[in-house]
Amino acid sequence: MDFTYLVVLIIAGFLITYMFGISYLKVLRGESSQNIKYFHVLLISLLFGGLADLLLYAMFKDIRDEDRVDSHKFIIFSILINLFQILIIILLYIFNLIVF
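Keep in mind it's a predicted model, so treat the numbers as computed, not measured.

## Here we look at the confidence of the model for the chain
Part 1: Here the chain averages 92 in pLDDT, and 99% of its residues register 70 or above.
Part 2: Across the chain, element-level confidence peaks in helix α4 (residues 61-69) with a mean pLDDT of 95 and bottoms out in helix α2 (residues 38-44) with 91.

## Concerning the side chain of S78
Part 1: For S78, the location among the structural elements is in helix α5 (residues 73-94).
Part 2: In this structure the side chain of S78 is engaged in a polar contact, spanning 2.7 Å, whose partner is the backbone oxygen of F74.
Part 3: Contacts of S78, omitting those with residues within four sequence positions, involve L42, D53 and L54.

## Description of helix α3 (residues 50-59)
Part 1: Among all positions in α3, only G50, A52, D53, L56 and Y57 are buried. An end-on view of α3 places all buried positions within 155° of arc, on one side of the element. Exposed residues on α3 whose side chains face more than 90 degrees from its buried face are L51 and A58.
Part 2: If you follow the buried residues of α3, they end up packed against α1 (3-29), α2, α4 and α5.

## Quick notes on the packing of aromatic side chains
Part 1: Per the counting criterion, the structure on display carries three aromatic pairs.
Part 2: Aromatic pair F14 and Y18: ring centres 6.3 Å apart, planes at 10°, arrangement stacked. With F14 and Y18 both in helix α1 and four residues apart, this pair spans about one turn of that helix.
Part 3: Classification of F14 by relative accessible area gives partly exposed; the value is 28%.
Part 4: In this structure Y18 comes out as partly exposed when scored by relative accessible area, which is 24%.
Part 5: A ring pair is formed by Y57 and F74, whose centres lie 6.3 Å apart and whose planes are at 15°; its orientation type is stacked.

What counts and what doesn't
The written sequence of each chain sets the order in which its residues are numbered from 1. The predicted nature of this model means local features are confined to residues of pLDDT at least 70 and side-chain atom pairs, given and counted, to a pLDDT of 80 or more, with totals for whole chains, interfaces and linings taken over all residues. With hydrogens and water stripped out, all remaining heavy atoms of the structure feed into the side-chain values. pLDDT expresses, on a scale from 0 to 100, how confident the predictor is about each individual residue. Helix and strand labels come from DSSP, where a helix needs a run of H or I of at least four residues and a strand needs a run of E of at least two; each type is numbered from the N terminus. In protein, a polar contact means a hydrogen-donor-capable atom and an acceptor-capable atom, both N or O and within 3.5 Å, with residues adjacent in sequence counting only if both atoms are side-chain atoms; elsewhere, any N or O pair within 3.5 Å suffices. By definition, residues are in contact when any of their heavy atoms lie within 4.5 Å. Think of it in three bands: residues with accessible area under 20% of the maximum for their type are buried, residues over 50% are exposed, and the middle band is partly exposed, with areas taken using a 1.4 Å probe on protein chains only. Directions pointing from the helix axis toward each C-beta atom define the arc. Whether two aromatic rings pair depends on their centres lying within 6.5 Å, for rings of Phe, Tyr and Trp, where Trp uses its six-membered ring; planes under 30 degrees apart make the pair stacked, over 60 edge-to-face, and the rest tilted.

So this is what it looks like as structure tokens:
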């Protein structure tokens, strides 16, 4: 796998997770009637969108307040997803599946 494909995959995952996170934020603010929960955002972020989760958490107080009520599950799983994604990239590099 070429490094540029990995970068494109990470950017696409980031954008998709960010857009889904904004939809979740609209639900929290009462601007949308969709049925989106925090774990939907986390499931979407498994495709290399973990950085968007942390960005959403840092940027929007509504998400932090909801997470505080829900025992900090959003931030804990966001950190675990990021660590898992870093591990995947390191293993892909070790086994020469990614060429820099």
